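One-letter residues, chain by chain:
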Amino acid sequence: MGRYIEAKVFRYDPDKDKEPYYRTYRVEVDEELSALMLLDRIQKDFDETLSLRSYSCGLQMCKSCIMKINNNKKFACLTMIKPGEDVLFEPASYPEYHVKDLVTIDPEKE
Amino acid sequence: MHNIEGDIKECDVLVIGGGGSGALACLEASQDGDLNVILVSRGPISRSGLTPTGNGGTAVSDSPEDLFTTMVKAGDYLNDQNIVWLMSNEVHNSLKKLRDLGVPVKKLAPGSACVHGVETLSIARKELRRRPNVVVFEDVMITRLIQKDGAIRGAVAWDLISGKVFIIQAKAMVLATGGMTGELYSLSSNNPFGISTDAAGTGHVMAYLAGADLIDMEMIAFVPLPSNARCKNIRFFPEFWLGPYMNRTGEIIEDDVNQYPGGSYSYQFVQKICRELDHGNGPISVDRRGIEEKYSKLPIPVWDRRRNLIKKLGIDPVENKIEISVGSHFCMGGIHIDEKMESTISGLFAAGEVMGGVHGGLRLPGKSFTQMIVFGFEAGRHAAFYARKNTKISDPFSEELAQEKEKIYCYAETKKDPISFTELKRRLQGVMDRDVFVFRDKDGLERAIQEIREIKKDISSVNVPVFKRYNLGWIRAVEFSLMVEGAEIIASSALYREESRGFHYRNDFPKRDDKNWLKHTVTRFREERLEHDTAPVVLNRMKPEV
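Conventions adopted
Along each chain, the written sequence defines residue order, and numbers are assigned to residues from 1. Labels follow written order: the first chain is A, the first ligand is 1, and so on. Totals for whole chains, interfaces and linings use all residues, but because this is a predicted model, local features are given only for residues with pLDDT of at least 70 and pairs of side-chain atoms are given and counted only at 80 or more. Remark: hydrogens and water are excluded; side-chain values derive from all non-hydrogen atoms of the structure. Runs of E in the DSSP output that reach at least two residues are strands. Runs of H or I that reach at least four are helices, and both are numbered from the N terminus. Our radius of gyration looks at C-alpha atoms and nothing else; its globule reference is 2.2 Å times the residue count to the power 0.38. The buried label goes to any residue with under 20% of its type's maximum accessible area, the exposed label to any with over 50%, and the partly exposed label to all in between, with areas taken from a 1.4 Å probe on protein chains only. We call two residues contacting when some pair of their heavy atoms lies within 4.5 Å. Working definition of accessibility: Shrake-Rupley area with a 1.4 Å probe, residue cover restricted to the visible protein chains. Each axis is a line fitted through C-alpha atoms, taken for helices only over the stretch in contact, and angles between the N-to-C directions span 0 to 180 degrees. What sets the label is the angle itself: under 35 degrees gives roughly parallel, over 145 gives roughly antiparallel, 65 to 115 gives roughly perpendicular, and the rest give oblique. Any residue outside Ala, Val, Leu, Ile, Met, Phe, Trp, Tyr, Cys, Pro, Asp, Glu, Lys and Arg is labelled polar, Gly included; the first ten of those are nonpolar and the last four are charged. Between the first and last residue of a helix there are one fewer steps than residues, each counted as 1.5 Å, and that sum is the expected span. Working definition for bend: take the seven residues up to and ending at a residue and the seven starting at it, fit an axis to each, and measure the angle between the axes. Take the far helix as your reference; a near helix turned counterclockwise from it by less than a right angle gives a left-handed crossing, and one turned clockwise gives a right-handed crossing. Definition used in this section: a nonpolar core is a set of buried Ala, Val, Leu, Ile, Met, Phe, Trp, Tyr and Cys residues joined via side-chain atoms within 4.5 Å. Any carboxyl oxygen of Asp or Glu within 4 Å of a side-chain nitrogen of Lys or Arg constitutes a salt bridge here.

Enquirer: Kindly report on the overall build of chain A, identifying the contributing residues and their values.
Expert: If you tally the helices and strands in chain A, you get 1 helix and 9 strands. Put simply, chain A runs from its N terminus to its C terminus through helices and strands in the order β-β-β-α-β-β-β-β-β-β. The C-alpha atoms of chain A give 13 Å as radius of gyration, which agrees with the globular expectation for 110 residues (13 Å, within 12%). In terms of overall dimensions, chain A has a C-alpha envelope of 45 × 35 × 25 Å along the principal axes. In chain A, which comprises 110 residues, the share counted as buried stands at 57%. For chain A, contacts bridging at least 24 residues in sequence account for 48% of all contacts bridging at least 6. Surface exposure of chain A reaches about 5,100 Å², of which carbon and sulfur atoms provide 43%.

In structure tokens:
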């Protein structure tokens, strides 16, 4: 134990789902990793239907990866998560500017 | 969220790519207000592409002659000298245009400035949104260029949010789609933390499939990178790359990278590391513990912030020995253009990393932002000029639209023996890492081409989950079908150039051969096949010493 991270992720596709729901993924990890790396791994190896903006500049500058992590808006690229932790991922904005799952459109971009 | 109605959008100038070159080309082409310009970006501008990942270092040079000479010598004379001369002479003018837009250009040491990527793009984006003659499509991907009778006519676009496929007609087009090495190799400087930044070379390949000539596609820059993904950002730590570099036994293999033209970004140094690794002396590490830090505060706030982030992550190279590997960095080859940025397809212009001829065999640090800024403006200017004197043909391109829809939608069909896309991509990266890397030879390259062709066949068995909204698996599958062509182009060009020059090293032809190979390799698509040719290098100002 302690080598796993339990990630609970907000899911909603307005084209298909009646309402949002959460899905939990249990991911085995070797060491601490960033939230974005964790979600990228979930999308690639566990659940291809998960949508997120995987792009990041890696410097907390571009804001592409901003989302709610444990109820606070954070940069996923440099928010580190340790083995043994549980973590909650939700979109930066919902229902306004929401696209699907963790993908949103920035209000400034309208 | 943009509502895209109907199957056709029209404009005078279509700019593809939302990085620095694309944004500046769009500003330039739209500034007089008489042309309708559409900018298409795969992601939100300032939040996608490689521009925001750069550190902003921009070569300025107080003497154009110096900048020109340095670049041509470092590039092993494979640079087109008319293009380098233009860049060297135009850089001050281009930076003035940036300042006029309100972009801070901070002077650093003599000959260099910092132009921050995110800042530049945010300002450019705001300005573009103000202009009534500009339409910006974000989260839209171009999947095909349309050429008729030797001239560019439009493109097929795919809205990643609604799933809609539509046509954009244009009189002139600027292709500014950026790099191609990030996705092709398992380790790349393009991908912070090992996560894709979409540098897949789709622009190179779309231009090639539409009939444009590509040059020197074998010229891929490789650089040392931290092996551990979480340490990737150390690549911006200014002193880190000075070394010292040591091998497994603790022997120092390099402590003076500044002897090479591009420091740690030089092929001479990268080849040295790879030889050490091939001799079984890896892993290679950089150990700066105990070396006094030169700067207490870095000149640019963002750089300082970067360093603090690194310290916070517990990967400060001042306190840790950091293991390094070699990964891909930059594509020096690209679309063959003339001094008006125009490709061999009339009306198709290129700017930024997708253009060829600027760097020859080696890109020096700080020169890609200069390239992005100068040629972004230049391509926009020439495309506008072209659009003003040419008329549009109003063809609905129904056939192209239908074909492209079919191609995109085939991934969503249920397959008998479906292949995982992730697995297929790993296979391609495995081939590139093994046979199309720093050291190359005939046998390896032939084997690579064979395997790439097999991977190409397997694409038709890729299955993606079926939903329209921001479907990453689907986006990456469509991207992959272009990327795999790019892999073949690189491997095949590398086989064609039978000498060693710049970053292209052939074990079976280890010497530079100016007599036979001081020329561009050309790759073009004719009669549904890849073919090679050569083209002269523009050597109008300086010739190599005999």
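Enquirer: Let's hear about the overall build of chain B: which residues, and what values?
Expert: Within chain B, the secondary structure is distributed over 13 helices and 21 strands. Against the globule reference of 24 Å for 546 residues, chain B gives a C-alpha radius of gyration of 22 Å, in line with a compact fold. Each principal axis of the C-alpha atoms in chain B carries an extent, and together these give about 65 × 55 × 55 Å. Counting only residues that meet the buried cut, chain B has 64% of its 546 residues in that class. Taking the intrachain contacts of chain B between residues at least 6 apart in sequence as the baseline, contacts between residues at least 24 apart amount to 74%.

Enquirer: Describe the packing of helix α10 (residues 421–435) of chain B against helix α11 (residues 442–458) of chain B, with residues and values.
Expert: Residues and elements named next belong to chain B. Remark: α10 packs on α11, axes separated minimally by 10 Å, with the N-to-C direction vectors making an angle of 170 degrees. Relative to α11, the element α10 lies roughly antiparallel. From α10, Leu424, Arg427, Leu428, Val431, Met432, Arg434 and Asp435 reach across to α11, where they touch Gly444, Leu445, Arg447, Ala448, Glu451, Ile452, Glu454, Ile455 and Asp458. Its residues assigned to classes, the contact of α10 with α11 shows 8 nonpolar, 1 polar and 7 charged.

Enquirer: Report on the environment of glycine 182 of chain B, specifying residues and quantitative values.
Expert: All names here are of chain B. Tracing the backbone through its elements, the reader meets glycine 182 in the loop between β9 (165–175) and α5 (202–209). With a relative accessible area of 1%, glycine 182 lands in the buried category. Sequence separation between glycine 182 and serine 196 is 14 residues, and the spatial gap between their C-alpha atoms is 7.2 Å. With sequence-adjacent residues up to four places away left out, glycine 182 is seen in contact with Ser188, Asn190, Asn191, Ala199 and Ser328.

Enquirer: Tell me what's going on with helix α3 (residues 81–101) of chain B, and back it up with residues and numbers.
Expert: Residue and element names in this part refer to chain B. In this model α3 runs 30 Å from its N-terminal to its C-terminal C-alpha over 21 residues, within 8% of the 30 Å that 1.5 Å per residue would give. For α3, the principal kink sits at glutamate 90 and spans about 50 degrees. Three or more residues of α3 are buried, namely Gln81, Asn82, Ile83, Val84, Leu86, Met87, Ser88, Glu90, Val91, Ser94, Leu95 and Leu98. One or two steps after α3, the chain reaches glycine 102, where phi turns positive at roughly 100 degrees.

Enquirer: Could you give me a rundown of the packing of α10 of chain B against helix α12 (residues 472–496) of chain B, with the residues and numbers involved?
Expert: All names here are of chain B. At a closest axis distance of 11 Å, the pairing of α10 and α12 adopts a crossing angle of 15 degrees. The angle between α10 and α12 places the two elements in the roughly parallel class. Where α10 crosses over α12, the two elements pack in a sense that is left-handed. Residue-level inspection shows Phe421, Leu424, Lys425, Leu428 and Met432 of α10 in contact with α12, the latter providing Arg476, Ala477, Glu479, Phe480, Met483, Val484, Ala487 and Ile490. Among the residues making up the contact of α10 with α12, the classes are represented as 10 nonpolar, no polar and 3 charged.

Enquirer: Tell me what's going on with the nonpolar core, and back it up with residues and numbers.
Expert: Counting 209 residues, the largest nonpolar core has Leu38 and Phe89 of chain A together with Leu14, Leu145, Ile168 and Phe375 of chain B as its most contacted members. Ranked by residues supplied to this core, first place goes to α12 of chain B with 15 residues. Excluding residues within four positions of it along the chain, leucine 14 of chain B makes contact with Ile38, Val40, Ala155, Ile168, Ala170, Ala172, Met173 and Val174 of chain B.

Enquirer: Talk me through the pattern of salt bridges; I want residue IDs and the actual numbers.
Expert: Throughout the structure, instances matching the rule amount to 50 salt bridges over all chains. In this structure, the salt-bridge partner of arginine 426 of chain B is aspartate 45 of chain A, at a minimum N-O distance of 3.6 Å. Of the two residues, arginine 426 of chain B sits in helix α10 while aspartate 45 of chain A sits in helix α1 (residues 35–46), which places them in two different chains. The network of salt bridges with shared partners includes Asp76, Asp216, Glu218, Arg497, Glu499, Arg501, Arg512 and Asp514 of chain B.

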